[in-house]
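Below, each chain spelled out in residue letters.
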Amino acid sequence: MSYQPKKNNHTRESERPQPIKIKGKRVLSHPILTHKKAEVIPPKPRLLDQPVQTKNSEEQDNDLIYGRHPVLSALESHRNLNRLWITSRLRYDPRFHHLVLQAKDNGTVIDEVDPKRLDQITNGGNHQGVAAQIAPYTYTELEDLISQSQTVSEPVIVVADGITDPHNLGAIIRTAEAIGAQGLVIPQRRAVGITSTVVKVAAGALENFSVARVVNLSRALEQLKESGFWIYGTAATGSEPLHSVRFTGSTVLVVGSEGEGLSMLTQKSCDVLVSIPLQGKTPSLNASVATGMALYEIYRQRLSNTHYLDKLHTFSGKKL
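The rules behind the values
- Residues numbered from 1 in each chain as written.
- Predicted model: local features only at pLDDT ≥ 70, side-chain atom pairs only at ≥ 80, totals over all residues.
- Heavy atoms only, no water.
- Pairing = 2+ DSSP bridges.
- Helix = DSSP H or I, 4+ residues; strand = E, 2+ residues; numbered from the N terminus.
- Axes fitted to C-alpha atoms, helices over the stretch in contact; angles between N-to-C directions.
- Contact = heavy atoms within 4.5 Å.
- Phe/Tyr/Trp six-rings, centres within 6.5 Å; stacked < 30°, edge-to-face > 60°.
- Lys NZ or Arg CZ within 6 Å of the ring centre and 35° of its normal.
- pLDDT = per-residue confidence, 0-100.
- Salt bridge = Lys/Arg side-chain N within 4 Å of Asp/Glu carboxyl O.
- Buried < 20%, exposed > 50% of the residue type's maximum accessible area, 1.4 Å probe, protein only.
- Polar contact = N/O pair within 3.5 Å; in protein donor to acceptor, adjacent residues only side chain to side chain.
- Core = buried A, V, L, I, M, F, W, Y, C linked by side-chain atoms within 4.5 Å.
- Arc of directions from axis to C-beta.

Strand order in the open sheet formed by four strands is E3-E6-E4-E5, with mixed pairing between adjacent strands. Looking at which strands have only one partner, the edges of the open sheet turn out to be strand E3 (64–66) and strand E5 (109–112). When the angles between neighbouring strand axes are averaged without regard to direction, this sheet yields 15 degrees. In this structure, strand E4 (residues 81–86) lies alongside strand E6 (residues 130–134), joined through five bridges in antiparallel fashion. Within the sheet, the bridge partner assigned to arginine 83 lies in E6 and is glutamine 133. Lying on the sheet, helix H1 (residues 68–76) is in contact with E3, E4 and E6; it crosses E3 at an angle near 115 degrees.

Structural data, given as structure tokens:
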């Protein structure tokens, strides 16, 4: 006789899978867990006042700069740094060694780390062996910016109206400082401030460039007018082509965002509206590119006038 296993026909009713109602649906609990009551764990409620964090929000900007040139510029200008991460090879580099010692004496925490740690800190950015956490940026008062600019002949101040992209603002600062402008004015609301991304894109320009942040941009423009500045606003529908305008004396160049440009209130505060003639099918330019073109035209005119006067002095010294 062959052995036949007996079937268990005595399953108790209480051990059978029981239906469980979850949000109006009938589901069967797992047979292994039939001797226990199924637990439904509700999701943790999010507090109403708890903000939803996004990677692109300004709050995620942790004031981190990295790369040899931005960090070196910050060290050379004695910028307040909370922490510095640097590889041992770069720490003893002649360009960095004495600056790192000075930063340490000023209270900066120096961490000697390997490149992998820097990869983690910068989220895979091109750190080049060094990164730093900068202290919050200290803005210049508008009155101080005006006083500083008036120490040079025919100063130029850039005003950014509604620039929300930190990369654009950083590029504007880098171009303005490189070409010789005396400073920048930005509004406090509905515009990006000086974040670590701006510092990174500016590539060291902020260490030699003043930025004022004002509550009321229109009032700031009126204050600049009272100080002897002429206000030139860039607009797609400007009344004068850029190359036909003569930029003389103390000059303020006002630029707007790519999407909306200058606000109507800001346009009313300008003495002259200028436009950059475009020949292609692209309707507008990037804000930082338009700023660079306008600034170059301003300084081109002044450089041409300087060369012309030099030639006059040369000719006047010759015997006719």
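Read on, since the account is not over.
Our next topic: the packing of aromatic side chains. Here the structure, examined in full by the defined rule, presents two aromatic pairs. Ring centres 5.1 Å apart and planes at 75 degrees place the aromatic pair tyrosine 137 and tyrosine 139 in the edge-to-face group. One residue, arginine 302, lies across the ring of tyrosine 299, its end atom 6.0 Å from the ring centre.

Take the confidence of the model for the chain next. When pLDDT is averaged across the chain, the result is 80; 76% of the residues are at 70 or more. Segment residues 28–38 is flagged for pLDDT under 50; beyond a separation of four residues in sequence, or across chains, it makes 12 contacts in the model. In this model, residues 43–61 is a region of pLDDT below 50 whose contacts with residues beyond four sequence positions or in other chains number nine contacts.

Under the counting rule described, the total for this entry stands at seven salt bridges. Here arginine 95 makes a salt bridge to aspartate 93, at a shortest N to O gap of 3.2 Å. Accessibility expressed as a relative area gives 43% for arginine 95, which makes it partly exposed. Salt-bridge contacts for aspartate 271 lead to lysine 225; the nearest nitrogen and oxygen are separated by 3.6 Å. Separated by 46 residues along the polypeptide, aspartate 271 in the loop between helix H9 (264–269) and strand E13 (272–275) and lysine 225 in helix H8 (residues 217–226) bring together distant segments of the chain. Under the relative-accessibility criterion, lysine 225 is labelled partly exposed at 24%. Each of the salt bridges in this network shares a partner with another, and the network as a whole consists of Glu222, Lys225 and Asp271.

Okay, the sheet that holds strand E9 (residues 210–214) next. In spatial order, the strands read E9-E8-E7-E12-E10-E13-E11; together these seven strands make up an open sheet with parallel pairing. Each edge of the sheet is formed by a strand with only one pairing partner; in this case those strands are E9 and strand E11 (240–241). Where strand E10 (residues 230–234) and strand E12 (residues 251–256) come together, four bridges link them in parallel fashion. Of the residues in E12, the one forming a bridge with tyrosine 232 is leucine 253. Sheet strands in contact with helix H5 (residues 142–149) are strand E7 (156–161), strand E8 (183–187) and E9, and its direction is about 145 degrees off that of E9. Relative to E7, H8 is tilted by about 165 degrees, and along the sheet it contacts E7, E8, E9, E10 and E12.

Mapped onto the fold, serine 210 is located in strand E9. In terms of polar contacts, serine 210 uses its side chain to reach the side chain of glutamine 148, at 3.2 Å. Residue contacts for serine 210: discarding those within four places in its chain leaves Tyr137, Thr140, Leu145, Gln148, Gln182, Gly183 and Leu184.

Residues Leu169, Ile173, Leu184, Ile194, Leu206 and Val211 are the most contacted members of the largest nonpolar core, which totals 49 residues. Setting aside residues no more than four positions away along its own chain, isoleucine 194 makes contact with Tyr137, Tyr139, Leu169, Ile173, Val199, Leu206 and Val211. Judged by nonpolar contacts, the second largest core, of 19 residues, contains Leu217, Leu221, Leu224 and Val254.

Another aspect to go through is helix H3 (residues 97–105). Taken together, the buried positions of H3 are Leu99, Val100 and Ala103. Mapping the buried residues of H3 onto a view down its axis gives an arc of 100 degrees, with all of them on the same face. Of the surrounding elements, those touching the buried residues of H3 are H1, E4, helix H2 (88–91) and E5. In the segment just after H3, glycine 107 is the residue with positive phi, at about 105 degrees.

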